[in-house]
Amino acid sequence: MIRRYGEPVVAGQIYRRRPGVYAILLRGDDILLTHQAEPDNEFQLPGGGIDPGEHPLPALHREVMEETGWRITAARRFGAFRRFCYMPDYDRWAEKICTIYVAQPTLRLGPPTEKGHSAHWMPAHQALDLLGNDGDRALLAQALASRT
């Protein structure tokens, strides 16, 4: 069973399963996050949905590049959680299955290519207060605790 974070399930609501991959990108004591201006103004772990027929690791590399402009290496699966939410970008209710990887940022190729996103380095402990969802915060806290 995968732990659930976030809003409670709405009785009678139909949710479409949406698998996704997200990255914890640490460099020393700092983390690379993406900031999405709309539909919610929030900091997030870079990542997103896995397209039909796409393998999770190529999806992770693609999403990190689109949302941060960075290439990554040495991705290893760290954990997973799920959350039930409305996705206004797609006008759909989703059961998001979020697989979290820890990876190394290696090369910045340019700015994010995904509209409305910007990349930000910040102290990882500060990110714990700024991340937009409970699952991201919990997995980042676990990743930081496992480093000590």
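Check the entry above for the structure.
What counts and how
- Residues numbered from 1 in each chain as written.
- Predicted model: local features only at pLDDT ≥ 70, side-chain atom pairs only at ≥ 80, totals over all residues.
- Heavy atoms only, no water.
- Buried < 20%, exposed > 50% of the residue type's maximum accessible area, 1.4 Å probe, protein only.
- Helix = DSSP H or I, 4+ residues; strand = E, 2+ residues; numbered from the N terminus.
- Salt bridge = Lys/Arg side-chain N within 4 Å of Asp/Glu carboxyl O.
- Expected span 1.5 Å × (residues − 1).
- Contact = heavy atoms within 4.5 Å.
- Polar contact = N/O pair within 3.5 Å; in protein donor to acceptor, adjacent residues only side chain to side chain.

Novice: I'm lost on unusual backbone geometry in this one. Help?
Specialist: Leave glycine aside and you will find that most residues have negative phi; peptide bonds, for their part, are mostly trans. In this structure, A74 takes a positive phi of about 55 degrees despite not being glycine. On the basis of relative accessible area, A74 is assigned to the exposed category, the value being 53%. A positive phi angle, near 50 degrees, is found at D91, a position not held by glycine. Position of D91 relative to the elements: it lies in the loop between β5 (70–87) and β6 (92–108).

Novice: Can you walk me through the pattern of salt bridges in this structure?
Specialist: When charged atoms on two side chains of opposite charge get close, those side chains can pair. Going through the model one piece at a time under the given rule, you end up with 7 salt bridges. The partner of R17 in a salt bridge is E95, with the nearest N and O atoms 3.4 Å apart. Within this pair, whereas R17 is found in strand β1 (residues 16–27), its partner E95 is found in strand β6, the two being separated by 78 residues in sequence. For R17, a relative accessible area of 57% translates into the label exposed. A salt bridge links R82 to E95; the shortest N-O distance between them is 2.9 Å. Taken together, the positions of R82 in strand β5 and E95 in strand β6 put the pair 13 residues apart, joining distant regions of the chain. The same class applies to R82 and to E95, which are both buried. Beyond isolated ion pairs, a larger network of salt bridges with shared partners links D51, E54, R62, E63 and E66.

Novice: What am I meant to see in helix α3 (residues 134–147) here?
Specialist: Given 3.6 residues per helical turn, the α-helix brings residues three or four places apart onto the same face. Under the 1.5 Å per step criterion, the end-to-end length of α3 is 20 Å for 14 residues, consistent within 8% with the ideal 20 Å. For α3, the complete set of buried residues consists of G135, D136, A138, L139, L140, A143 and L144. Taken together, the buried residues of α3 touch β1, β2 (30–36), β3 (42–44), β5, β6 and α2 (124–130). N-cap assignment for α3: the residue whose side-chain oxygen lies 3.0 Å from the backbone N of G135 is N133.

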